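Inside the fold
Read off the chains here:
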Amino acid sequence: MIPAFIIIPVLAGGLVWISKNRIFIHAINLIGAAGLLIISILSLIDINNNKVIASSGLLKNIFYMDSLSGYILFITTLAFFLVSLYSISYFGQELKKKVITIGKLKLYYSLSNAFVLSMIIALTTRNMGVMWISIEATTLASAFLVGFYNNKRAIEAAWKYLIICSVGIAFALLGIILLFYSSTVKLGGARISGLDWSYLIKYAVALDPSILKIAFIFILIGFGTKVGFSPMHTWLPDAHSQAPSPVSALLSGVLLNTAMYGVIRVMSIVNKCLGSSNYTGNLLIVLSVLSIGTAAVFILVQQDYKRILAYSSIEHMGIIALGLGICTPVSIFAALYHTFNHAMTKLMLFLATGNVYLKHHTKKISSIHGLIKTMPVTGIVFVLGTFAITGMPPFGVFMSEFNTVVGALFSKKYLVTALLLLFLSMIFAGFTKQLGKMFYGKNSNPEIKQGELDIIGPAVLIILLCITFLAGIYIPTPFKELMDNTTNIILGMGE
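Every value quoted in this text rests on a predicted model; they were computed, and no experiment measured them. Per chain, the residues get numbers from 1 upward, laid out in the order the sequence is written. Per-residue local features of the predicted model are confined to residues with pLDDT of at least 70, and side-chain atom pairs are confined, for both listing and counting, to 80 or more; whole-chain, interface and lining totals are unaffected and use all residues. Values reported for side chains reflect all heavy atoms of the structure, with hydrogen atoms and water molecules removed beforehand.

In this description a helix means any DSSP run of H or I spanning at least four residues, a strand means any run of E spanning at least two, and both kinds are numbered starting from the N terminus. Tallying secondary structure elements over the protein gives 19 helices and two strands in all. The quantity called the radius of gyration is restricted to C-alpha atoms. Its globule counterpart is 2.2 Å times the number of residues to the power 0.38. The C-alpha atoms of the protein give 22 Å as radius of gyration, which agrees with the globular expectation for 495 residues (23 Å, within 12%). The principal-axis extent of the C-alpha atoms belonging to the protein is close to 70 × 55 × 45 Å. Within the span of the protein, comprising 495 residues, buried residues form 61% of the whole. Taken as a whole, the protein presents about 18100 Å² of accessible surface, with 70% of it coming from carbon and sulfur. Counting rule for charge: Lys and Arg are taken as positive, Asp and Glu as negative, and neither His nor the chain ends is counted. Charged groups are reduced to one reference atom each: NZ for lysine, CZ for arginine, CG for aspartic acid, CD for glutamic acid. In the protein, the 34 positive side-chain charges and the 17 negative ones have mean positions that sit 6 Å from each other. Buried means the residue's accessible area, taken with a 1.4 Å probe over protein chains only, is under 20% of the maximum for its type, while exposed means over 50%, and partly exposed covers the values in between. Using the Shrake-Rupley algorithm and a 1.4 Å probe, accessible areas are obtained, with residue cover drawn only from the displayed protein chains.

Put into structure tokens, the structure is as follows:
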């Protein structure tokens, strides 16, 4: 089953080049994305029955899936499928207006499949070296997507993203080298096993604690740069705002999760070695509070609706890191659930901005008024999405944020809880003050006609709105069991 995850995006990314027919190109990519989603669901069923999926033969020591990798992979493939469906609408409009050519469309689908392939490999490998290579590969593939329009600001954002993340990922490499050194010196095992995270966590108590502490700092800085932790976040607002909206959705909804996955794997090893989560937890809590606070301040002054959503991504990755740092069953469950809720809600909002941009041709908040009247479906979804992403009930983000606060209070993190609530209040105020200007009032541009551009774009938004709403009121039993198993793995109680 794991080889299919590799083969499908390779085929889809290649087959789009054999025809100039727009419908064929869209169909090939959508079929590939649907295939990945179906296989990820089947993999979750297999993991539920057998706990793990491991490759055999030559790839025996490379590919491996448990509940944690399966969970993040499911979010990734679900997001990719929905973005692929939306891309038919978004790039169909861009083709119609001659903003892009058929060749550009092929390039977009090839790069997006390469992007997703690199994330899939990062999530399905047991080898820390391969994981590092894959996470670096996500930077290379997505940098071209960030600079897709080849204008000055897009190219500048792509270079900034490439340089900052590449420097950051070099720190992660140093951390992985230290992990490898610790395993080979202390355990004296086979060299390939020294990079196997399942091997490292199994024998974590035998590793050198001082080396692991240093390794974790390097890895937290390295992968944390890709996550978007403050103060390493400076690439994120530019990249998210300049990329096409489907790309922004993937960057925020799944790329950041993939980088966080690398942090989680190493965190579990270090915690087991030290016999406590205090060391890793304190570092994560400091970065989380700093990230949420940074986002709160910048959201209050943004004039670009995509940059507001970009800073919101920094906030929510901080909330996930806070749950992981507190490291109790409640807080880790909340962090995992927030990973899903943030991905779906941010997908909805970034795709909504795509509809807005196609209609209004601007990202300036002050240039858009009466959005609910000019684009009824997009406008209403955008309003509800704004409430959802700021933690209002009854949406999923509220449930996971509420449980994060509960976890912090039960762990007696009173100062952290107070700061979290303060920053969340500031962010709610910033969203409503800044974005509220777009939704109401009278449209002053006579060239903007009332109505949606097509059916597909709004349909995807409605699907995502339903997901985010249902996530706030109900967790299906198999999904809850999956998150329980994943929580146990992070706590060191699972396989």
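What follows covers the packing of aromatic side chains. Aromatic rings from Phe, Tyr and Trp, with only the six-membered ring used for Trp, were paired whenever their centres fell within 6.5 Å, and each pair was classed as stacked if the ring planes differed by under 30 degrees, edge-to-face if by over 60, and tilted otherwise. All chains considered together, the criterion is met by 20 aromatic pairs. Relative to Y337, the ring of F333 has its centre 6.5 Å away and its plane inclined at 45°; by these criteria the two rings are tilted. Of this pair, F333 and Y337 both sit in helix α13 (residues 329-360), four residues apart, roughly one helical turn. With respect to class, F333 is no different from Y337; both count as buried. Ring pairs connect the aromatic residues Y86, Y90, F91, Y108, Y109, F148 and Y149, which therefore count as one cluster. Whether a charge lies above a ring is judged from NZ of Lys or CZ of Arg, which has to be within 6 Å of the ring centre and within 35 degrees of the ring normal. If you follow K104 out to its NZ or CZ, it ends over the ring of F148, 4.5 Å from the centre. Above the plane of the ring of Y279 lies K213, whose end atom (NZ or CZ) is 5.4 Å from the centre.

Tracing the sequence through the fold places N271 in helix α10 (residues 245-274). Taking the C-alpha atoms as reference points, N271 and K213, 58 residues apart in sequence, are found 9.7 Å from one another. Every residue in contact with N271, bar those within four places of it in the chain, is listed here: S276, S277, T280 and C327. Whether two residues are in contact is decided by their heavy atoms: any pair within 4.5 Å suffices.

Keep in mind these numbers describe shape, not what the thing actually does.
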